[in-house]
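Chain by chain, the residues:
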Protein chains: 2
Amino acid sequence: MNPVIAIHGGAGTITRKSLDAEQERAYRAALDHALRGGQRILEQGGGALDAVTEAVFRLEECPLFNAGKGAVFTHAGTHELDAAIMDGRTLAAGAVACVKSLRNPILAARRVMEDGRHVLLAGEGAEAFARDAGLETVPPDYFFTEARHAQWRRALAEGRSDLLDHDAQALAAQMETSAETSIGGSTGMGKVGTVGAVALDARGDLAAATSTGGVTDKRAGRVGDSPLIGAGCYANNRTVAVSCTGTGEHFIRLLAAYDVSALMEYRGLPLAEACAAVVLRKLPAIGGLGGLIAVDSQGEVCLPFNSEGMYRGEARAGGARSTAIYRDDHD
Amino acid sequence: MNPVIAIHGGAGTITRKSLDAEQERAYRAALDHALRGGQRILEQGGGALDAVTEAVFRLEECPLFNAGKGAVFTHAGTHELDAAIMDGRTLAAGAVACVKSLRNPILAARRVMEDGRHVLLAGEGAEAFARDAGLETVPPDYFFTEARHAQWRRALAEGRSDLLDHDAQALAAQMETSAETSIGGSTGMGKVGTVGAVALDARGDLAAATSTGGVTDKRAGRVGDSPLIGAGCYANNRTVAVSCTGTGEHFIRLLAAYDVSALMEYRGLPLAEACAAVVLRKLPAIGGLGGLIAVDSQGEVCLPFNSEGMYRGEARAGGARSTAIYRDDHD
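Residues numbered from 1 in each chain as written. Chains lettered and ligands numbered in written order. Predicted model: local features only at pLDDT ≥ 70, side-chain atom pairs only at ≥ 80, totals over all residues. Heavy atoms only, no water.

Trainee: Mind laying out the overall build of chain A, listing which residues take part and the relevant values?
Mentor: When helices and strands are tallied, chain A shows 9 helices and 13 strands. Relative to its full complement of 331 residues, chain A shows a buried share of 69%. Summing over all exposed atoms, chain A offers an accessible surface of approximately 10200 Å²; the carbon and sulfur share of this is 49%. (Helix = DSSP H or I, 4+ residues; strand = E, 2+ residues; numbered from the N terminus. Buried < 20%, exposed > 50% of the residue type's maximum accessible area, 1.4 Å probe, protein only. Areas by Shrake-Rupley, 256 points an atom, 1.4 Å probe, with all protein chains shown as cover.)

Following this line, the structure appears as structure tokens:
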């Protein structure tokens, strides 16, 4: 197997108009840095699980993306983070939801998986578990960034609170708002956004990881697709590893990540056709916007989205790293 | 369409030895009462969603089952309830997780679905949403039952806290403990248990609903399969409505409820074969114990389980209601 990793940093209304040259460079550099972390692990013979953990950890540490440090504000002015990870070899999985004090939710998800007793821990119970495991906690102001704060205040002022619904028109408006709120060089993509990584290692093992701050101005307690196995994150050595980003509720209702796997395993579709069925047909049919990244058991990569853009990248062991943002961006 | 409803009240090591005649009568009467509620709605031309809501509501109100009133204790001595509901016509879904103060979590899940902005709300955010929607809240002692309390104290004393894992041996021991703790006529099935309903109405619409108190002595914040769409609850008019019960983590990792649907839609399996693949092959392969109830778009019913028993029942509009508990129980 030739190891490969792919990552995303969120999908949405990301147009060339919405990012200036400096912003674009910053995003590409951050994507490259995350890719490099995972790629190096794969080049050194490391496992897919470690590669996706490292890549998502780096994206969580970067304030540009809506996960970890750059998490958006809830309606209550707090931050609630979600993450999930899955091991395609064993179908072991771990996830945390609605955590407020953990610097790196993806590391907590990994510990939940390794512990093995549970798959999903939420809220204070998840935080207590992570603290017991020795993971780093941070005070609430760790997640304060000027750009996210301005985004939140704007959402509040517009009375667009709690905005994530099944109505295509509202979603379109929401996506527009996201594009408009390119403040301080750190948004360009606002209300929907998530980070994720998928990888295949030299042993043929697949893994997937996803992490998010959710949607700006969300109701406290709202859980999107990111920490839900089969919705925003899935890996199975027989088929594919998938990480999703977009209007989470639609991904939940379709089991978007697992559906790619099921279409491959049960209907025999090749990766690209399975991804197209989910992202370009089934999601739009119920008003869902966003995309996903996928790498299959043969090392094929597919990065489809139905939105204007998706922060994304891919790299093979020993190969060049490529990053892309816009729809017509084939770098 | 000839409307039909099926229900479950949990699966586990339920043997004839574990229930005396009086206990068995009490369980059968409670199952019949829940079935009757759903059946009457279907007979009056009501929808599948209303039928499954009513049946699960009745099971939540009954102290015999691990949901609502009869919810088990967490390790912390509290109660955390989960529920989900899905509309097969629209793929709309709603769920709540880790709620402590809501008398009927299934009604909260229904409101989340009808509200449409979210699919899953957890913890205090879910409770605030339900309170705003006018749903009934109860003090913590509402959920106190002697039998569940004794079960919890026994789990604590045995140091078997937080017991739900991927290890078959531990699971077997856990199931045994469940069978042993038939205290006060209100267990007979202990650490794993959940209630659910699936229905097909006269218009051909399918719906599924699931509600649980989780596992006895669980870690606070643990979320099982019940409130997770595609894991413990799924409905799709093209295929099937499914509600699961068992060792939740295994159902999450397999997307058990959605997998039945995917095997039917993508591989063309009939209902019984799809159910057998998931419950009798895929779940045991990863150490999963439990069962599910399913009704497909043609009104076929399947109630498979790989444990010793499952509290279950089914009824067609205008037909007799049948309930069953044990493996060799064909009533």
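Trainee: So, the sheet that holds strand β7 (residues 222–223) of chain A: which residues are in play, and what are the values?
Mentor: Across the sheet, which stays open at both edges, the 9 strands sit in the order β7(A)-β4(B)-β3(B)-β2(B)-β6(B)-β5(B)-β1(B)-β12(B)-β13(B) with mixed pairing between neighbours. Strand pairing shows two members of the sheet lacking a second neighbour, β7 of chain A together with β13 (321–326) of chain B, which therefore form its edges. Pairing of strand β2 (residues 81–87) of chain B with strand β6 (residues 206–212) of chain B involves 6 bridges; the strand directions are antiparallel. For B:Asp82, the partnering residue across the bridge sits in β6(B) and is B:Thr212. (Pairing = 2+ DSSP bridges.)

Trainee: Describe in detail helix α1 (residues 21–43) of chain B, supporting the description with residues and values.
Mentor: Residues and elements named next belong to chain B. For α1, spanning 23 residues, the distance from its first C-alpha to its last is 32 Å, which sits close to the expected 33 Å at 1.5 Å a residue. Within α1 the residues assigned to the buried category are Gln 23, Glu 24, Tyr 27, Arg 28, Ala 30, Leu 31, Ala 34, Leu 35, Gly 37, Gly 38, Gln 39 and Leu 42. Those residues of α1 that are buried are in contact with β1 (4–12), α2 (48–61), β5 (195–200), β12 (309–316) and β13. Capping the start of α1, Asp 20 holds a side-chain oxygen 3.1 Å from the backbone nitrogen of Glu 22, two or three residues further along. Looking one or two residues past α1, Gly 45 carries a phi angle of roughly 85°, positive in sign. (Expected span 1.5 Å × (residues − 1). Contact = heavy atoms within 4.5 Å. Polar contact = N/O pair within 3.5 Å; in protein donor to acceptor, adjacent residues only side chain to side chain.)

Trainee: Lay out the packing of helix α2 (residues 48–61) of chain A against helix α3 (residues 105–115) of chain A in plain terms, naming residues and giving numbers.
Mentor: Residues and elements named next belong to chain A. With their axes 8 Å apart at the nearest point, α2 and α3 run at an angle of 150° to one another. Regarding the angle of α2 to α3, the classification is roughly antiparallel. Residues Leu 49, Asp 50, Thr 53, Val 56, Phe 57 and Glu 60 of α2 lie in contact with α3, whose contacting residues are Pro 105, Ile 106, Leu 107, Arg 110 and Met 113. (Axes fitted to C-alpha atoms, helices over the stretch in contact; angles between N-to-C directions. Parallel < 35°, antiparallel > 145°, perpendicular 65-115°, else oblique.)

Trainee: Please give an account of the environment of A:Arg153 that cites residues and values.
Mentor: Note on placement: A:Arg153 falls in helix α5 (residues 146–157). Spatially, the C-alpha atom of A:Arg153 lies 23 Å from that of A:Glu60, the residues being 93 residues apart in sequence.

Trainee: An account of the side chain of A:Thr245 is requested, with residue identities and associated values reported.
Mentor: All names here are of chain A. With respect to the helices and strands, the residue Thr 245 is situated in strand β9 (residues 240–246). We classify Thr 245 as buried; its relative accessible area is 0%. A polar atom in the side chain of Thr 245 sits 3.2 Å from the backbone nitrogen of Ala 11. Those residues within four positions of Thr 245 in sequence are excluded, and the remaining contacts are His 8, Gly 10, Ala 11, Gly 193, Thr 194, Phe 251, Leu 289, Gly 290, Gly 291 and Met 310.

Trainee: Help me get a handle on the environment of B:Tyr234, residues and values and all.
Mentor: Tracing the chain through its elements places B:Tyr234 in strand β8 (residues 233–235). For the pair B:Tyr234 and B:Leu31, spaced 203 residues apart in sequence, the C-alpha separation works out to 21 Å. The contacts of B:Tyr234, once residues within four sequence positions are left out, are A:Arg253, A:Leu255, B:Met86, B:Leu91, B:Ala208, B:Ile229, B:Val240, B:Ala241, B:Val242, B:Ala257, B:Tyr258 and B:Ser261. A polar side-chain atom of B:Tyr234 sits 3.0 Å from a polar atom in the side chain of B:Asn236.

Trainee: Could you give an account of the layout of surface pockets, with specific residues and numbers?
Mentor: By volume, the largest pocket is sized at about 530 Å³. Lining of the largest pocket is provided by 23 residues; of these, A:Gly123, A:Glu124, B:Ala122, B:Gly123 and B:Glu124 occupy positions nearest its centre. Every element with two or more residues in the lining of the largest pocket is listed here: β3 (92–99) and α4 (123–132) of chain A together with α4 (123–132) of chain B. Its residues assigned to classes, the lining of the largest pocket comprises 8 nonpolar, 7 polar and 8 charged. The calculated volume of the second largest pocket comes to roughly 310 Å³. Residue lining of the second largest pocket: 17 residues in total, with A:Leu254, A:Lys282, B:Arg238, B:Glu265 and B:Tyr266 positioned closest to the centre. For the lining of the second largest pocket, the secondary-structure elements that each account for two or more residues are α8 (256–267) and α9 (271–285) of chain A together with α8 (256–267) of chain B. When residues in the lining of the second largest pocket are grouped by element, the largest group, 5 residues, is from α9(A). When its residues are assigned to classes, the lining of the second largest pocket shows 10 nonpolar, 1 polar and 6 charged. (1 Å grid on protein atoms, 1.4 Å probe; cavity = no way out; pocket = protein on both sides within 12 Å on 5 of 7 lines; lining within 4 Å. Points joined across faces, edges and corners; volume = space filled by probe spheres on them. Nonpolar A, V, L, I, M, F, W, Y, C, P; charged D, E, K, R; others polar.)

Trainee: Outline α8(A), listing residues and values.
Mentor: All names here are of chain A. Between its terminal C-alpha atoms α8 stretches 15 Å, which fits the 16 Å expected from 12 residues at 1.5 Å a residue. Buried residues dominate α8, accounting for 11 of its 12 residues. Within two residues after α8, Gly 268 carries a phi angle of roughly 75°, on the positive side.

Trainee: Account for the environment of B:Tyr142, naming residues and giving values.
Mentor: Residue and element names in this part refer to chain B. Within the fold, Tyr 142 resides in the loop between α4 and α5 (146–157). Residues Tyr 142 and Arg 103, spaced 39 residues apart in sequence, show a C-alpha to C-alpha distance of 8.2 Å. Leaving out residues up to four positions away in the same chain, Tyr 142 has contacts with Glu 61, Lys 69 and Arg 103.

Trainee: How would you explain the interface of chain B and chain A if you had to name every residue and give the values?
Mentor: Taken together, the contact between chain B and chain A spans 43 residues of the former and 43 residues of the latter. One can count 0 salt bridges joining chain B with chain A. At the boundary of chain B with chain A, the tally comes to 18 residue pairs in polar contact (both at pLDDT 80 or more). For the side of chain B that touches chain A, the secondary-structure elements that each account for two or more residues are β3 (92–99), β4 (120–122), α4, β7 (222–223), α7 (248–254) and α8 of chain B. Of the residues forming the side of chain B that touches chain A, the biggest block, 7 residues, is contributed by α8(B). Taken together, the residues of the side of chain B that touches chain A sort by class into 24 nonpolar, 7 polar and 12 charged. The sheet contact formed by strand β4 (residues 120–122) of chain A and β7(B) spans 2 bridges and is antiparallel. Bridging across to β7(B), A:Leu121 finds its partner in B:Arg222. (Salt bridge = Lys/Arg side-chain N within 4 Å of Asp/Glu carboxyl O.)

Trainee: So what's going on with the relation of the copies chain B and chain A? Which residues, and what values?
Mentor: Overlay of chain B on chain A (RMSD 0.0 Å): rotation 180°, translation along the axis 0.0 Å. Here the transformation between the copies is reduced to the relation of a two-fold axis. Both copies share a contact surface, since 100% of the interface residues of chain B are interface residues in chain A too. (Least-squares fit on C-alpha atoms with pLDDT ≥ 70 in both.)

Trainee: Let's hear about unusual backbone geometry: which residues, and what values?
Mentor: Residue and element names in this part refer to chain B. The backbone phi angle of Cys 98 is positive, close to 60°, even though this residue is not glycine. Residue placement: Cys 98 occurs in strand β3. Its identity as a non-glycine residue notwithstanding, Leu 255 has a phi of 50°, on the positive side. For Leu 255, the location among the structural elements is in the loop between α7 and α8.

Trainee: Pulling in residues and values, what's your account of the nonpolar core?
Mentor: As a rule of thumb, nonpolar side chains are buried together in soluble globular proteins. Membership of the largest hydrophobic core comes to 115 residues, with the highest contact counts inside it found for A:Ile229, A:Val260, A:Leu292, B:Ile229, B:Val260 and B:Leu292. Once residues within four sequence positions are removed from consideration, A:Leu292 is found in contact with A:Val242, A:Ser243, A:Cys244, A:Val260, A:Cys275, A:Val278, A:Val279, A:Cys302, A:Leu303, A:Pro304 and A:Met310. (Core = buried A, V, L, I, M, F, W, Y, C linked by side-chain atoms within 4.5 Å.)

Trainee: I'd like a description of empty space enclosed by the protein, backed by residues and values.
Mentor: The tally for this structure, following the rule as stated, stands at 6 cavities of 30 Å³ or more. Each pocket or cavity is described by its volume, and for the largest cavity that value is around 70 Å³. Split by residue class, the lining of the largest cavity holds 3 nonpolar, 8 polar and 3 charged.

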